[in-house]
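Fold and geometry: a report
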Amino acid sequence: MADIIEGISPTRMELLKLGRRIVLAEKGYKLLKEKRDALVSEFLDVVQRVQDSRARANEKLAMAFKDLLTAQAVMGSDAVWQVSQVTGQDIRIDIDTMNIMGVKVPMITHQDVKRSMIDRGYGFADTSAMVDDAARNFEEAIEDVIKLAEVQQSVENLANEVIKTKRRVNALEYIVIPRLTATAIHIRMRLAEMERENFTRLKKIKAAIEAGKKAETA
Amino acid sequence: MDSDSRVLARMMRSLNDHLPEERRTLKELLGEDKPRVVCRDGSSHRIRKEELETIERIIGRRWGEEAERLRLPLLIEMVPDYGRSAARIRGRIYCEIVQTILHEEKKKAIDEMIIFRPDVRRLRRALPSATQYVFMTSTS
């Protein structure tokens, strides 16, 4: 049986107060359990998205690096480096927040990073088609990397909140509610004991009075 | 009220701090470049434009005027009365949206519907920023 709360006097008033505290604790426990369940399902969904995004990003980056190596083999590293200096490198992203049950997770939006060959800015005559393929694959990979950054941070924030909520649920389930219940039981037993003591005392007083009356009449 | 109970009461109140102070209409949100609502805890909650467009596509054809009054985010009410992880959706227009997303057969218009965990997950996957959980205490 759980420990009882120290320093509580065994009175009916305290028992009523404890009853109210138990109701409040149980309501809180139910709500927190719902929150924990909801957080866990959000967490599992985001973990799945992390896995998907990571797999896609890895696949696209592998393809892009393969094309880059081929382009370097065909054109030479210096020529590829020169081409890379011609193209614009800025990607505009907008980082905002989304609130999932009190957990702030990032929401990253960006403009389309895929460009046409003309927009990339290098000449077609002195470059290999592999450069185009590498550029296209890198652009596609960037989208997945941005998505991955968003969901990865969400996973971390959600995991922290799941741990916190779980701790609270466990504290209520295994410490607070059992302690309150045990104290209520203790008070109830103490009150019953006091009632029995009182009853015995009254019987003894009655017997003493009756014995006194008998002695007077005799 | 003793300190334990005060802490507990405060914790229960803070469960819904992520809800918006005021929900905004679909029309208002669609008109913005960065649609967002302000939460009770002062933070801002951004809603993805694609999700708003999905909702607009669902209701746009049928609801006309009423669609302009639709307020977002859509609330998923977690009520312990209906069992563990059961959620309630209230409002005819909101039920219509949820039914369409869950591909449920629409026999007649309903004002309230109860959905369970797998459906809640599907709904959240479809509209992660346009929906919010609400934690409600049991009425019993």
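Residues numbered from 1 in each chain as written. Chains lettered and ligands numbered in written order. Predicted model: local features only at pLDDT ≥ 70, side-chain atom pairs only at ≥ 80, totals over all residues. Heavy atoms only, no water.

Before going further, it helps to spend a moment on the pattern of salt bridges. Residues and elements named next belong to chain A. Here the structure, examined in full by the defined rule, presents 26 salt bridges over all chains. One salt bridge in this structure joins Lys 60 and Asp 144, with 3.0 Å as the shortest N-O distance. Highlighted residues: Lys 60 in helix 1 (residues 12-75) and Asp 144 in helix 4 (residues 129-217), separated in sequence by 84 residues. By relative accessible area, Asp 144 is classed as buried at 8%. With a closest N to O distance of 3.3 Å, Arg 136 and Asp 133 form a salt bridge. Pair noted here: Arg 136 and Asp 133 are both in helix 4, with a separation of three residues, about one helical turn. (Salt bridge = Lys/Arg side-chain N within 4 Å of Asp/Glu carboxyl O. Helix = DSSP H or I, 4+ residues; strand = E, 2+ residues; numbered from the N terminus. Buried < 20%, exposed > 50% of the residue type's maximum accessible area, 1.4 Å probe, protein only.)

On to the interface of chain A and chain B. Listed per partner, the contact involves 34 residues of chain A and 35 residues of chain B. The contact between chain A and chain B buries some 3,100 Å² in all, and 57% of this surface belongs to carbon and sulfur atoms. The largest contributions to the chain A side of the interface with chain B come from Leu 31, Glu 34 and Asn 99 of chain A, which together make up 21% of the buried area. Counting across the interface, chain A meets chain B through eleven salt bridges. Between Glu 150 of chain A and Arg 48 of chain B there is a salt bridge whose closest N-O contact spans 2.8 Å. Our enumeration of links across chain A and chain B arrives at 15 residue pairs in polar contact (both at pLDDT 80 or more). If you list the elements that add at least two residues to the side of chain A that touches chain B, you get helix 1, strand 1 (93-100), strand 2 (103-110) and helix 4 of chain A. Taken together, the residues of the side of chain A that touches chain B sort by class into twelve nonpolar, six polar and 16 charged. (Contact = heavy atoms within 4.5 Å. Buried area = accessible area lost by both parts, 1.4 Å probe. Polar contact = N/O pair within 3.5 Å; in protein donor to acceptor, adjacent residues only side chain to side chain. Nonpolar A, V, L, I, M, F, W, Y, C, P; charged D, E, K, R; others polar.)

Right, let's get into the side chain of His 18 of chain B. Mapping His 18 of chain B onto the fold places it in the loop between helix 1 (3-14) and strand 1 (24-25). The class of His 18 of chain B is buried, set by a relative accessible area of 1%. Engagement of the side chain of His 18 of chain B in a polar contact is seen with the backbone oxygen of Tyr 133 of chain B, the distance being 2.6 Å. Once residues within four sequence positions are removed from consideration, His 18 of chain B is found in contact with Asn 99, Met 101 and Gly 102 of chain A together with Cys 39, Gln 132, Tyr 133 and Phe 135 of chain B.

To continue, consider the environment of Val 162 of chain A. Tracing the chain through its elements places Val 162 of chain A in helix 4. Measuring from C-alpha to C-alpha, the distance between Val 162 of chain A and Val 151 of chain A comes to 16 Å, with eleven residues separating the pair along the chain.

This next bit is on the pairing of strand 8 (residues 131-135) of chain B. All names here are of chain B. Burial analysis of strand 8 places five of its five residues in the buried class, which makes it a mostly covered element. Every second residue of strand 8 is oriented toward a common face, with Thr 131, Tyr 133 and Phe 135 on one face and Gln 132 and Val 134 on the other, all of them buried. Pairing analysis gives five bridges linking strand 5 (residues 74-78) to strand 8, with the strands arranged parallel. Within the sheet, the bridge partner assigned to Ile 76 lies in strand 8 and is Tyr 133. (Pairing = 2+ DSSP bridges.)

Our next topic: the sheet that holds strand 7 (residues 112-115) of chain B. The strand order across the open sheet built from four strands is 7-6-5-8 (chain B), with neighbouring strands paired in mixed fashion. The open sheet has two edge strands, strand 7 and strand 8 of chain B, and neither has a second partner. Within this sheet the neighbouring strands show an average axis-to-axis angle of 30°, counted without direction. As judged from the two bridges shared by strand 5 of chain B and strand 6 (residues 87-90) of chain B, these two strands associate in the antiparallel manner. Looking at the pairing, Glu 77 of chain B lines up with Arg 88 of chain B of strand 6 of chain B. The strands that helix 1 of chain A touches are strand 5 and strand 8 of chain B; relative to strand 8 of chain B, the one it contacts most, it runs at about 155°. On the sheet, helix 6 (residues 117-126) of chain B packs against strand 5, strand 6, strand 7 and strand 8 of chain B and is oriented at approximately 140° with respect to strand 8 of chain B. (Axes fitted to C-alpha atoms, helices over the stretch in contact; angles between N-to-C directions.)

Take the nonpolar core next. Grouped together as the largest cluster of nonpolar side chains are 63 residues, with contacts concentrated most on Ile 55, Leu 70, Ile 76, Ile 89, Ile 97 and Ile 115 of chain B. Those residues in contact with Ile 55 of chain B that sit more than four places away from it in its chain are Leu 26, Gly 60, Leu 70, Leu 72, Ile 97, Leu 127 and Ala 130 of chain B. Ranked by size, the runner-up nonpolar core spans seven residues in total, among them Ala 71, Met 75, Val 80 and Val 83 of chain A. (Core = buried A, V, L, I, M, F, W, Y, C linked by side-chain atoms within 4.5 Å.)

Scored by pLDDT, chain B comes out at a mean of 85, with 89% of its residues at no less than 70. Model confidence for the complex is summarised by a pTM of 0.84, with the ipTM given as 0.87. (pLDDT = per-residue confidence, 0-100.)

All names here are of chain B. Applying the stated criterion across every chain yields a total of two aromatic pairs over all chains. Residues Tyr 133 and Phe 135 carry aromatic rings whose centres are separated by 6.2 Å and whose planes lie at 15° to one another, so their mutual orientation is stacked. The exposure class of Phe 135 is buried, given its relative accessible area of 4%. (Phe/Tyr/Trp six-rings, centres within 6.5 Å; stacked < 30°, edge-to-face > 60°.)

A cis geometry characterises the amide bond from Leu 72 of chain B onward to Pro 73 of chain B, with omega recorded as 5°. Within the secondary structure layout, Pro 73 of chain B lies in the loop between strand 4 (71-72) and strand 5. Located in the positive-phi region is Met 101 of chain A, a residue other than glycine, with phi close to 50°. Look at Met 101 of chain A and you get buried, because its relative accessible area is 1%. One non-glycine residue, Ser 85 of chain B, lies in positive phi territory at about 65°. Along the chain, Ser 85 of chain B falls in the loop between strand 5 and strand 6.

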